[in-house]
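# Descriptive analysis of the structure
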Amino acid sequence: MAEDSTGKKAMQADTLSTPAQSDRPAGPSSPLKIAIVGGGIAGVALGVGLAGRSHLDVTLYEAARAFGEVGAGVSFGPNAVRAVAGLGLEREYLALADRTPAPWQDIWFDWRYAQDEGHIGSSIAAPTGQSSVHRAEFLELLSQRLPEGMARFSKRAVSVAEDERGARILFADGSQATADLVIVADGIKSALRHGVLQGRGASPADPIYSGTRAYRGMIDTAALRQSFSTSGLDTRMVDVPQMFLGQDTHVLTFPVRQGTLTNIVAFTTHPQSPAWPEGEPWVRAATSEELLADFATCGPAVRTLLSRIEQPTVWALHDLPELDAYVHGRVALIGDAAHAMLPHQGAGAGQGLEDAYFLAQLLADASLQPKEMPRLLQIYEAIRGPRACAVQRTSREAGDLYEFRSEEAGADRAALKHLLETRFNWIWNHDLDGDVQQARTLMAAATVTG
């Protein structure tokens, strides 16, 4: 395998072999059967992208009794906003999303020292700036665009078997479903990831505790602004998304629900932490006293923010190692099932949306045959894998940068300013449509040579 510019060993799509498959023709009387396993953001976004295509028969299987998301606010970079627009949701998304008000509309975050609020720099993410939504509200927006009957609930997939005729999904209730293509979007704790990796002879991959805990909460923005004003603190720190940096800690803020609430996430890291205890919940309620004690060295702005969180929760942050394979035969991993990452670049949901857009564009080709599905998935892996792995890797590195563990910068203001203002451009400015065109070229070449 050759290495891409990020150092990740990338599989070359034009050299991958395709297993022999059924030559059953696809057409109006025999549409391609596509199963999406998992009803989070990536899975539902893909369902939206595939909806309404007569050559596709799409079913989405969700383990819960209804769609639902955990967590509060989620930040989208310009690349994620473009993927949302490509899925046909630009107008609805812009009506829902929060943005920084003028004259700061292009600012993604102000960067400051947590100890004294000293300004380090600002990251500019034109034309979207800080674009954020409440996770549950965004998922509701997506789910409302699914055709009636596409989603089936209380269907927890436990395994997938493949043969020359297709793929068969086994569910926990004993039922089964068949498909020409299975897209696995069941999250970081994916039940189907092991089967994909095992089928490719790759090492198993389980979530890894990062050593970082994150306290989360949302507070009333108007009340927060009044607290800052009363305390003599600059209210720009309320009106503009902020990132406060400290040794082994950092705190971020951004607006949700049309600016009426401020989402706060406060990170604290113990770099040498052991593995998270088996059986311990990843999310639990926390007390204000516990929260404030972990950030006792921070300055008045951070303490004011944190003191207003009435019912904080604390999350044990996990991610995945970079996978050697995303696909096996007719089965593909997308979203957090493939590349769950730490939240330090605000890029995890965006990578799932890129996956969804990419696959929706390829599967829009009405001439596709069932026998071409393994080839299509190999091309998906070859193009999307290196990028998603690089975003995973740099998300871990970003946490080190924010908490002064980076050898490049430490706590040096000039070095921090340069890195913080430039390191996100390659994520935000990526040419996803160029990736799609590359994939179509490879598919066309395979058709000619096949």
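Above this text sits the structure in question.
Residue positions are counted from 1 within each chain, in the order its sequence is given. Two thresholds apply to this predicted model, a pLDDT of at least 70 for residue-level local features and 80 or more for giving and counting side-chain atom pairs, whereas whole-chain, interface and lining totals are computed over all residues. Only heavy atoms go into the side-chain values, all of them from the structure, while hydrogens and water stay out.

### A short note on unusual backbone geometry
Formally: Put simply, DSSP H or I for four residues or longer makes a helix, DSSP E for two residues or longer makes a strand, and each gets a number counted from the N terminus. With a 1.4 Å probe rolled over the protein chains alone, any residue whose accessible area is under 20% of its type maximum counts as buried; one over 50% counts as exposed, and the rest are partly exposed.
Ala102 connects to Pro103 through a cis peptide bond whose omega is 10 degrees. You can see Pro103 is positioned in the loop between helix H3 (90-96) and strand S6 (107-113). A cis amide bond, omega 5 degrees, links Ala126 with the succeeding residue Pro127. Note on placement: Pro127 falls in the loop between strand S7 (119-124) and strand S8 (131-134). We note that Ser154 has phi near 55 degrees; this positive angle belongs to a residue other than glycine. Of note, Ser154 is situated in the loop between strand S9 (151-152) and strand S10 (157-163). According to the relative accessible area criterion, Ser154 is partly exposed, its value standing at 40%. For Arg257, which is not glycine, the phi dihedral falls at a positive 50 degrees.

### Points about the pattern of salt bridges
Under the convention used in this document: Basic side-chain nitrogens of Lys or Arg form a salt bridge, by our definition, when they fall within 4 Å of a carboxyl oxygen of Asp or Glu.
Applying the stated rule across the entire model yields 22 salt bridges. Arg91 is the partner of Glu92 in a salt bridge, and the nearest nitrogen-oxygen pair spans 3.8 Å. Each of Arg213, Arg284, Glu290 and Asp294 takes part in a single network of salt bridges with overlapping partners.

### Structural notes on the sheet that holds strand S13 (residues 181-184)
Put simply, the rule reads: At least two DSSP bridges between two strands are needed for those strands to be called paired. Pairs of residues are marked as contacts when any of their non-hydrogen atoms sit within 4.5 Å. Note on geometry: axes are C-alpha line fits, over the in-contact stretch for helices, and angles between N-to-C directions span 0 to 180 degrees.
The 6 strands lie next to each other as S9-S4-S3-S13-S21-S20, forming an open sheet whose pairing is mixed. Among the strands making up the open sheet, the edge pair consists of S9 and strand S20 (327-328). Alignment of strand S4 (residues 56-61) against S9, held across 2 bridges, turns out to be parallel. In the strand pairing of S9, Leu60 is matched with Ala151. Each of strand S3 (32-37), S4 and S13 touches helix H1 (residues 41-50); the most contacted strand, S3, lies at about 155 degrees to it.

### Details of the side chain of Thr253
Structurally, Thr253 is set in strand S16 (residues 249-256). Filtering out sequence-adjacent residues up to four positions away, Thr253 remains in contact with Phe109, Met237, Val240, Pro241, Gln242, Thr262, Asn263, Ile264 and Leu305.

### As for the packing of H1 against helix H11 (residues 348-363)
Convention followed: Each angle is binned into one of four classes, with values under 35 degrees roughly parallel, values over 145 roughly antiparallel, values of 65 to 115 roughly perpendicular, and all other values oblique. It is the rotation of the near helix from the far one that decides the hand of a crossing: anticlockwise by less than a right angle makes it left-handed, clockwise makes it right-handed. Residues are grouped as follows: Ala, Val, Leu, Ile, Met, Phe, Trp, Tyr, Cys and Pro are nonpolar; Asp, Glu, Lys and Arg are charged; every other residue, Gly included, is polar.
At their nearest, the axes of H1 and H11 sit 8 Å apart, and the two run at 25 degrees to each other. The angle between H1 and H11 falls in the class roughly parallel. Relative to H11, the crossing made by H1 is right-handed. Only Gly352, Leu353, Ala356, Leu359, Ala360 and Leu363 of H11 make contact with H1, whose side of the interface consists of Ile41, Ala42, Ala45, Leu46, Gly49 and Leu50. Considering only residue class, the contact of H1 with H11 consists of 10 nonpolar, 2 polar and no charged.

### Brief notes about the side chain of Gln361
Put simply, the rule is: Within 3.5 Å is the distance limit for a polar contact, defined as a pair of N or O atoms, with the added protein rule that one can donate a hydrogen and the other accept it, and that residues adjacent in sequence qualify only through two side-chain atoms.
Here Gln361 lies in helix H11. Side-chain polar atoms of Gln361 contact the side chain of Arg440, separated by 3.3 Å. Beyond its immediate stretch of four places on either side in the chain, Gln361 contacts Gly86, Val436 and Arg440.

### Let's talk about helix H13 (residues 413-422)
What counts here: Read the arc as the range of directions from the helix axis to the C-beta atoms.
Taken together, the buried positions of H13 are Leu416, Leu419 and Leu420. One side of H13 holds all its buried residues, which, seen down the axis, span an arc of 95 degrees. Facing away from the buried side of H13 by over 90 degrees, the exposed positions are Ala414 and His418. Its side-chain oxygen at 3.3 Å from the backbone nitrogen of Ala414, Asp412 defines the N-terminal cap of H13.

### Concerning the nonpolar core
Selection rule: Residues belong to a common nonpolar core when they are buried Ala, Val, Leu, Ile, Met, Phe, Trp, Tyr or Cys residues joined through side-chain atoms within 4.5 Å.
One finds Phe76, Phe138, Ile183 and Leu353 to be the most contacted residues of the largest nonpolar core, which totals 82 residues. Counting residues per element, this core draws most heavily on H11, at 9 residues. For Ile183, the residues in contact, after removing those within four places along its chain, are Ile34, Ala35, Ile36, Val37, Leu46, Ala332, Ile334, Leu359 and Leu377. Counting 32 residues, the second largest nonpolar core, distinct from the first, contains Phe254, Ala398, Tyr402 and Ala409.

### Some words on the packing of helix H2 (residues 78-86) against H11
Contact geometry of H2 with H11 gives a least axis separation of 9 Å together with a crossing angle of 35 degrees. Here H2 runs over H11; the crossing is left-handed. In contact with Asn79, Ala80, Ala83, Val84 and Gly86 of H2, H11 contributes Gly350, Gln351, Leu353, Glu354, Tyr357 and Gln361.

### Some thoughts on the environment of Thr441
Turning to its location among the elements, Thr441 is positioned in helix H15 (residues 432-449). Distance from Thr441 to Glu407, taken between C-alpha atoms, is 41 Å for residues 34 residues apart in sequence.

### Observations concerning the pairing of S16
Strand residues, when the strand is regular, have side chains that alternate between the two faces of the sheet. Burial of S16 is extensive: 8 of the 8 residues sit out of reach of the surface. Covered by surrounding structure in S16 are Thr249, Val251, Thr253 and Pro255 together with His250, Leu252, Phe254 and Val256, the residues of both alternating faces. In this sheet, S16 lies alongside strand S15 (residues 242-246) in antiparallel orientation, the contact comprising 5 bridges. Bridge pairing links Met243 to Leu252 in S16. In this structure, the hairpin formed by S16 and strand S17 (residues 261-269) is closed by a connection of 4 residues, where Arg257 is found at a positive phi of approximately 50 degrees.

### Some words on the packing of aromatic side chains
Spelled out, the test is: Ring pairs shown here join Phe, Tyr and Trp side chains whose ring centres sit within 6.5 Å, with only the six-membered ring taken for Trp; geometry is labelled stacked below 30 degrees between planes, edge-to-face above 60, and tilted in between.
Summed over all chains, the structure comprises 18 aromatic pairs. Plain terms: the ring middles of Trp111 and Phe424 are 6.1 Å apart, the flat faces sit at 10 degrees to each other, and that makes the pair stacked. With Trp111 in strand S6 and Phe424 in the loop between H13 and helix H14 (425-428), the pair connects residues that are 313 residues apart, well separated along the chain. Exposure remark for Trp111: the relative accessible area of 0% places this residue in the buried category.

All we've got here are geometric facts, nothing functional implied.
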